[in-house]
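Structural description and commentary
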Amino acid sequence: MIKAILIFNNHGKPRMSKFYEHYTEDTEQQIIRETFHLVSKRDENVCNFLEGGLLIGGSENKLIYRHYATLYFVFCVDSSESELGILDLIQVFVETLDKCFENVCELDLIFHLDKVHNILAEMVMGGMVLETNMSEIITQVEAQGKMEKSETFVFQCPRQDR
Amino acid sequence: MALKIVKGSIDRMFDKNLQDLVRGIRNHKEDEAKYISTCIDEIKQELKQDNIAVKANAVCKLTYLQMLGYDVSWAAFNIVEVMSSSKFTFKRIGYLAASQCFHEGTDVIMLTTNQIRKDLSSPNQYDTGVALTGLSCFVTPDLARDLANDIMTLMSHTKPYIRKKAVLIMYKVFLKYPESLRPAFPRLKEKLEDPDPGVQSAAVNVICELARRNPKNYLSLAPLFFKLMTSSTNNWVLIKIIKLFGALTPLEPRLGKKLIEPLTNLIHSTSAMSLLYECVNTVIAVLISLSSGMPNHSASIQLCVQKLRILIEDSDQNLKYLGLLAMSKILKTHPKSVQSHKDLILQCLDDKDESIRLRALDLLYGMVSKKNLMEIVKKLMLHVDKAEGTTYRDELLTKIIDICSQSNYQYITNFEWYISILVELTRLEGTRHGHLIASQMLDVAIRVKAIRGFAVAQMATLLDNAHLLTGNTQRNGICEVLYAAAWICGEFSEHLEDPMQTLEAMLRPKVATLPGHIQAVYVQNAAKLFATVLQKHEGETDSQAAQETSQLLIDRLPLFVQSANLEVQERASCILQLVKYIQKLQQKNVEVAEEVTALFAGELNPVAPKAQKKVPIPEGLDLDAWINEPPSESESEDEKPKAVFAKEEPKHYRSRNTEVDEKELARRREVRKQEQANNPFYIKASPSSQKVYDAPGVEHIPVVQIDLSVPLKVPGMPMSDQYLKLEEERQQKEKAERKKKEKKKKREKRGKGRKADSGPESEEDITPAQHVDIVTEEMPENALPSDDDDKDPNDPHRALDIDLDKPLADSEKLPVRTHRPEVLKSPAEDRVSESVPPETKKKSSKEKKEKKKDKEKDRKRSKEEKKKKKKHKEVEEELLESQPEEPVQSEETKEAAAPPTSTSAEASDLDFWLSSAPVPPAAQEVTVPSSAVETSSAAVPESEPDEPKDTEPEDTKSSKHKKKKQKKEKEEKEKKKKKRHHHHHHHGEAGGEDSVQNGTVEEEEPLPPMSNYSVLAENSFIKMMREDAEQVYDIQGNHQDESKVVVSIIFENKSDSFLKSMEFNVLDSLNSKLQRPEGAGPHDGLTVPFQLPPGVSNEARFVFSVQSIVMPQKLKGTLTFIVKSDESSTHEKLDFKLHFTCTSYLITTPCYSDAYAKLLESGDLKGSSLRLEGINMPFHHLLARICFHHHFSVVERIDSCASMYSRSIQGHHVCLLVKTSDQTVSIDAKCDEPSLLGNVLDELKQTFSKC
């Protein structure tokens, strides 16, 4: 099971957080801070696994993370997940974001949090891996995007003027 | 209306959308909180508007704010509003927000049930998808209960996109609503073989997750997963399955054996590191579970270790880390294999990555030997110096101590070295593990006598430099070592070179800043030192030094008398008074040293940590009995209730107690007093493992009987001491022996740390004085290891510990969409559903029986059998889809008349599946042991009493095979009805087996073989044998009154001629008709579909339709055939009578006892009874006979009374109550059809009159 998926930047600012167990907003922030603290002090060329996120689940859980430019992608998982498998999954996630946003950067995530969530929802559901095939994920995301566009309304009109 | 929308849209123009919000926040870095609070106010305004687009926009922004840590639960209702929008865009926003902030405590969740249900059944797959995704995050027990059925339906949705989501979410539903697991499980299992890989993967995912928590319930799925493992190419699925197997193997070592080969193949073939790693991991788990160390598995271990080495050597830190992690698992069971890679692991200790260093440290534990211990520890000590973080340093420290102290200091050859290491470790700043070092010091000093001199010297230095340890911070954990140092110096003060100096060091004012418990030890041991000093000066004429010492104590002790710590205070004042008294005596020139020393005389010996526990409770001692009467509630009424209720029972206990132990206790008390005179000091809460001292408080517990097997009793010592003495003696001997051998070695090793002559010769290879149980934790003898102990009672998975192999009961249905759940069901429905489960259950047990029988047969045969079984399983699987063309020659496959697979059948299959020797993966399929067919027919030759002698076993055997073939054909014909057919077909034939099961729950006597074949007719050419009718009944309802009966007839050619053109014909009666092919006239015969060469028999089946079953029927029939010999052919015929007994219309139908009771209570049944005299067969034989010949099943059996049940093909219930006493059997029967009952009873009577 995946317990949580966190994306934060090099300064610890959350860019997306998805918890598959309920925590209060305060605890969530604390977890993000703690995780950032653990992850950020690690060198670039050390392994991507960390034991014992203290707040989420305790010692049974592992933090598996990848660092891309300005962003950390952190998956908190329990022992039923394969460490290397999750690393691959993070890669798939990032590549999918890259495809969907066309050269994804931190700003894309900041301004399109909902879209990131929607993409993630096609990969992981309720803490379990739903789909790992990138093209399948993209197909579904795009199909839903199309549906959204077909439901034209003012909400979507361009607002660059402001 | 339109205007309103337009207006809304215009309003919207002035609202911020998500991007504006984010931009705003970024522009207000300095007053972000303030800016956000104004935004929240705006959002609140927006949420008040009617326009759903505005609301959705607001909710979208809230989702963002939620991520930043703002509580948005106040908008829960608005989120629900947005969720229920008909537009997908808004719906998705709503569900996203809900998934981020809804939880079980959110009260509006209950409003969403219907909305979610609507979305789940939406024609748009993305509506459904979004609802499922959302629900997976916030599903509550109520939602789970209400929606379980809807989701389960979605598991069979046409779109794989929905199916996979529905499958995944079921896990969440199970967690919240465990009752749904059993009803949903069959479908979930089906999804393991879904054509869509995504759905399949989801199902594997869910089952793995379930099985991880309660593996034993999923063992029966192992064959299925095995199949998936050997067939799947999806690495995700493979990883999950392999991980699952890792969890299953500890429960079933045989599974492990089966896994090794395919896993090894995968290890060799896969290129995916993740898969390789998981395979290695599972192989390790398998090897651990087969801890017996099968020799042929050493190759697997080697393979694993070798692959892991590749991982560890990889430049990828991740692989290195995982390699080490897996290596440490091997270490536990196969340390040798890991030890050869010591170089690699030591190398990892230098890795820059802390995680990797920690993993390598774990491994070191198993790598040390007597030879390399010092070298390794030296390396670690270097790391300790270099280490920056305290956590890593602490880890190093504990590891050093772990490594050195493991297996009772097994690898330490030089204890002086070890003491120096410990002393060096005290220089660590800020470690939390001071107490650990302290306990090691104590342990070594106490247990290794020869080291004491050295230890004391070291400790004295430590005490002298105590300021270095306590200097920096108050919280410094390292000062714990002073506790040990003080105690060692005091206790073994005779080894001190300058006790005076140490005494002085222990009484420095700075000591008062130490923690109380340490001060207490200081004070106590100062007194010991004092005694030593006195004794030292005693001989000398100069009493000045001695008096100075007393003065020193008198000067310094008041500081401790003032201590806030009670322990310190008490000890200090005691000792102060003592010293004052001594001083007085000294001034009178009285020699006191002797007496003072006597205070501390006697040696403290280590006691095994578990010794206290092992003390047996003396006979007659009831620890739970009151020693004094418990104070009663009210004082005034004290007397009366006692007289009434308590009586003298507790008193009795007490008196008996004293009686028994009086002498013993007196003796012990004497012994103990003596001992205590020698040992007046008791150290409180020593952190060492030898903390069980003989404390005064436990005086009345007979500590003495630690081990009754100790043969020798030395008076004046507690038994534990004797125990120890024996041990020491043994070791002395050992030592003496070894000394000679190792003298050379010793010399080489020495020279480190200290001058050669300062200790006794044998010092360096002392084996520890006593064995401490480090590894095995003892438990009370009758304590059972319980699975539940380690499970958290709050763990949601606990509720999912559900036996999935048990067939579904009727009550287990997912709640459907009704406001009031329907409780009542028609009895018929009830019966149908209830009738299935026990049947399968029985089957499994029967199959076990089968297996036993198989074993009895010779080995060749059983091997053949296995092959057969495998094959026929394949056949059966194929049957589900298409009928395979079976070549007639392969007779084994004719056994395919096996029962349909069911969950419970698989459970026992598992045994079979596992028991078979490993075969190539492709052939390893789920197998169902062949049904009773074979045994029942095999029993024919020996058992059939009426059977003519000339029936050769060979004939029967071949006929058996032919028969199978026939059956098979039959099955093909009746494919549609297959399932049902299978069931009772099975029972019809296997009744004997059933009854064996039924009747012999506790009986041991074997049942006489039974057969239900009877000769119909025979002449010189042919013999017709008829098997009891088997029924196929039509419950389809359109012709409820008409039932079909299948009659199998074996035709056996007894002549030397060829028989052909057989035609079977029966004169139909009004009630019973032979089913003829369409277009045939009512008097046409049926061609028997085979010819019979000489000596061959074969079986044919004929279907009859029967109107009424309440009466037995007799049908006249003729068989015509052509006898073809070499020169001529003649036409022959044989007449026969087919007898349809009422019994033959009964189907063995299991019945639950409660359903049975209900049935009897219902009053719809009419009763009748029967008495049989002179039956002198065992009761279980009797029952077995009834079961076998009359198709009953035993509902319940109590002693010589049993209730039995059967059902006719038209649904009549027949209940029997069979009682036996003194050769008389009385049968009370009830049935809803009196004439049927009467006939059945008649037939019963007849059966028993025959024997």
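Residues numbered from 1 in each chain as written. Chains lettered and ligands numbered in written order. Predicted model: local features only at pLDDT ≥ 70, side-chain atom pairs only at ≥ 80, totals over all residues. Heavy atoms only, no water.

The next thing to look at is the overall build of chain B. Along the backbone of chain B there are 47 helices and 16 strands. Within chain B, the proportion of its 1251 residues that are buried is 54%. Long-range contacts, defined here as pairs at least 24 residues apart, represent 71% of the contacts in chain B between residues at least 6 apart. When the accessible surface of chain B is summed, it comes to about 58,100 Å², and 52% of that surface belongs to carbon and sulfur atoms. (Helix = DSSP H or I, 4+ residues; strand = E, 2+ residues; numbered from the N terminus. Buried < 20%, exposed > 50% of the residue type's maximum accessible area, 1.4 Å probe, protein only. Contact = heavy atoms within 4.5 Å. Areas by Shrake-Rupley, 256 points an atom, 1.4 Å probe, with all protein chains shown as cover.)

The next point concerns the interface of chain A and chain B. Listed as interface residues are 62 residues of chain A and, on the opposing side, 73 residues of chain B. Carbon and sulfur atoms make up 56% of the surface buried where chain A meets chain B, a total of about 6,200 Å² over both sides. Scanning the region where chain A abuts chain B turns up 9 salt bridges. Among the ionic pairs, B:Lys164 bridges to A:Glu131, the shortest N-O distance being 2.5 Å. Counting across the interface, chain A meets chain B through 33 residue pairs in polar contact (both at pLDDT 80 or more). Broken down by secondary-structure element, the contributors of at least two residues to the side of chain A that touches chain B are strand 2 (14-19), helix 1 (25-40), strand 3 (49-51), helix 2 (83-101), helix 3 (106-111), helix 4 (113-123), strand 7 (128-129) and helix 5 (134-150) of chain A. The leading source of residues in the side of chain A that touches chain B is helix 2 of chain A, at 7 residues. (Buried area = accessible area lost by both parts, 1.4 Å probe. Salt bridge = Lys/Arg side-chain N within 4 Å of Asp/Glu carboxyl O. Polar contact = N/O pair within 3.5 Å; in protein donor to acceptor, adjacent residues only side chain to side chain.)

With that out of the way, let us pick up the pairing of strand 13 (residues 1193-1198) of chain B. Residue and element names in this part refer to chain B. The pairing of strand 13 with strand 14 (residues 1201-1208) spans 5 bridges and is classified as antiparallel. Looking at strand 14, one finds that Arg1197 is bridged to Ala1202. Taking the residues between adjacent antiparallel strands as the criterion, strand 13 and strand 14 are bridged by 2 residues, where Asp1199 takes a positive phi near 50 degrees. (Pairing = 2+ DSSP bridges.)

With 14 residues, helix 9 (residues 141-154) of chain B should reach 20 Å at 1.5 Å per residue; the first-to-last C-alpha distance of 19 Å fits that figure. The complete set of buried residues in helix 9 of chain B reads B:Leu143, B:Ala144, B:Leu147, B:Ala148, B:Asp150, B:Ile151, B:Met152 and B:Leu154. (Expected span 1.5 Å × (residues − 1).)

A few words now on a nonpolar patch on the surface. All names here are of chain B. There is a patch of nonpolar side chains on the surface, built from Phe77, Met110 and Leu111 and spanning about 340 Å² of accessible area. On the secondary structure map, Phe77 appears in helix 5 (residues 76-83). Phe77 gets classed as partly exposed once you look at its relative accessible area, which sits at 45%. (Patch = residues over 30% accessible without salt bridge, like charges linked within 9 Å, V, L, I, M, F, W, Y side chains within 5 Å.)

Right, let's get into the pairing of strand 8 (residues 1097-1106) of chain B. Residues and elements named next belong to chain B. For strand 8, a buried count of 10 out of 10 residues is recorded, marking the element as mostly surrounded by other parts of the structure. Side chains of strand 8 alternate between two faces, with Ser1097, Glu1099, Arg1101, Val1103 and Ser1105 and Asn1098, Ala1100, Phe1102, Phe1104 and Val1106 buried alike. Of the pairings in the sheet, the one linking strand 4 (residues 1043-1053) to strand 8 comprises 10 bridges and is antiparallel in character. Note that in strand 8 the partner of Ile1050 across the bridge is Glu1099.

Here we take up the sheet that holds strand 10 (residues 1129-1140) of chain B. Residues and elements named next belong to chain B. A sheet is described by the order of its strands in space; here 4 strands give the open sequence 7-5-9-10, paired in antiparallel fashion. The open sheet has two free edges, formed respectively by strand 7 (1086-1087) and strand 10, since each of these has just one partner strand. One ladder, built from 12 bridges, connects strand 9 (residues 1113-1124) with strand 10; its direction is antiparallel. Bridge pairing in strand 10 places Lys1124 opposite Ser1129.

Moving on: the sheet that holds strand 4 (residues 62-68) of chain A. Residue and element names in this part refer to chain A. Taking strand neighbours across the sheet as the criterion, the 5 strands line up as 2-1-5-4-3 in an open arrangement whose pairing is antiparallel. Looking at which strands have only one partner, the edges of the open sheet turn out to be strand 2 and strand 3. Looking at each pair of strands side by side, their axes are set apart by 15 degrees on average, direction ignored. (Axes fitted to C-alpha atoms, helices over the stretch in contact; angles between N-to-C directions.)

With that settled, consider the packing of aromatic side chains. Two aromatic rings, taken as a pair, are described by how far apart their centres are and by the angle between their planes. Evaluation of the coordinates by the stated rule reveals 17 aromatic pairs over all chains. Between the aromatic rings of A:Phe49 and B:Tyr321, the centroid separation amounts to 5.3 Å while the plane-to-plane angle is 45 degrees, which identifies the pairing as tilted. Of this pair, A:Phe49 sits in strand 3 while B:Tyr321 is found in helix 18 (residues 317-333), placing the two residues in two different chains. Note on A:Phe49: relative accessible area 0%, which makes it buried. With a centroid separation of 5.9 Å and an interplanar angle of 90 degrees, the aromatic rings of B:Trp487 and B:Phe492 are classed as edge-to-face. A residue is classified by how much of its surface remains accessible, and B:Trp487, at 2% relative accessible area, is buried. Classification of B:Phe492 as buried rests on a relative accessible area of 4%. A connected cluster of aromatic rings, assembled from ring pairs, spans A:Phe8, A:Phe36, A:Tyr65 and A:Tyr72. (Phe/Tyr/Trp six-rings, centres within 6.5 Å; stacked < 30°, edge-to-face > 60°.)

As a further point, take the packing of helix 13 (residues 222-231) of chain B against helix 15 (residues 253-269) of chain B. Residues and elements named next belong to chain B. Where helix 13 meets helix 15, the closest approach of the two axes is 11 Å, and the angle between their N-to-C directions is 5 degrees. Viewed along their axes, helix 13 and helix 15 adopt a mutual orientation that is roughly parallel. Across the interface between the two elements, Ala222, Phe226, Met229 and Thr230 of helix 13 pack against Leu255, Lys258, Leu259, Pro262 and Leu263 of helix 15. Taken together, the residues of the contact of helix 13 with helix 15 sort by class into 7 nonpolar, 1 polar and 1 charged. (Parallel < 35°, antiparallel > 145°, perpendicular 65-115°, else oblique. Nonpolar A, V, L, I, M, F, W, Y, C, P; charged D, E, K, R; others polar.)

Of all 11 residues making up helix 21 (residues 354-364) of chain B, 8 are buried, and the element is well covered by its neighbours. Buried within helix 21 of chain B are the following residues: B:Ser355, B:Ile356, B:Arg357, B:Arg359, B:Ala360, B:Leu361, B:Leu363 and B:Leu364. Elements in contact with the buried residues of helix 21 of chain B: strand 3 of chain A together with helix 18, helix 19 (335-339), helix 20 (342-349), helix 22 (373-386) and helix 23 (390-409) of chain B.

It is worth spelling out the confidence of the model for chain B at this point. All names here are of chain B. On average, chain B scores 71 in pLDDT, and the residues at 70 or more come to 66%. Within the model, the stretch residues 917-960 combines pLDDT values under 50 with 91 contacts to residues more than four positions away or in other chains. Here residues 1029-1040 is modelled with pLDDT under 50, and outside its nearest four sequence neighbours on either side it reaches 40 contacts, counting other chains as well. Confidence estimates for the predicted assembly give a pTM of 0.55 and an ipTM of 0.93. (pLDDT = per-residue confidence, 0-100.)

On to unusual backbone geometry. All names here are of chain A. You will see that Ala69, though not glycine, has its phi angle at about 45 degrees, which is positive. One can find Ala69 in the loop between strand 4 and strand 5 (71-77). Exposure remark for Ala69: the relative accessible area of 68% places this residue in the exposed category. With a phi close to 60 degrees, Glu102 is a non-glycine residue in the positive phi region.

Tallied over the entire structure, the rule returns 40 salt bridges over all chains. Across the pair A:Glu122 and B:Lys165 runs a salt bridge whose closest N-O atoms are separated by 3.7 Å. Of the two residues, A:Glu122 sits in helix 4 while B:Lys165 sits in helix 10 (residues 160-176), which places them in two different chains. With respect to burial, A:Glu122 and B:Lys165 carry one shared label: buried. A salt bridge links B:Glu313 to B:Arg309; its shortest N-O distance comes to 3.0 Å. Placement of both B:Glu313 and B:Arg309 in helix 17 (residues 298-313) is noted, with a separation of 4 residues, approximately one turn of the helix. By relative accessible area, B:Glu313 is classed as partly exposed at 46%.

What follows concerns the packing of helix 29 (residues 499-506) of chain B against helix 31 (residues 544-561) of chain B. All names here are of chain B. For the pair helix 29 and helix 31, interaxial distance at closest approach is 10 Å and the crossing angle is 20 degrees. Taken together, the axes of helix 29 and helix 31 are roughly parallel relative to one another. Note on packing geometry: the crossing formed by helix 29 with helix 31 is left-handed. Residues Met500, Leu503, Glu504 and Met506 of helix 29 form the contact with helix 31, whose own contacting residues are Thr549, Leu552, Leu553, Arg556 and Phe560. Looking at the contact of helix 29 with helix 31, its residues break down into 6 nonpolar, 1 polar and 2 charged. (Left-handed = near helix turned anticlockwise from the far one by under 90°.)

What follows is about the confidence of the model for chain A. Looking at chain A as a whole, the pLDDT averages 85, with 88% of positions reaching at least 70. For residues 154-162 of chain A, every residue scores under 50 in pLDDT, and the model assigns this stretch 13 contacts once sequence neighbours within four places are set aside.

Take the environment of B:Asp150 next. Relative to the elements of secondary structure, B:Asp150 occurs in helix 9. On the basis of relative accessible area, B:Asp150 is assigned to the buried category, the value being 13%.

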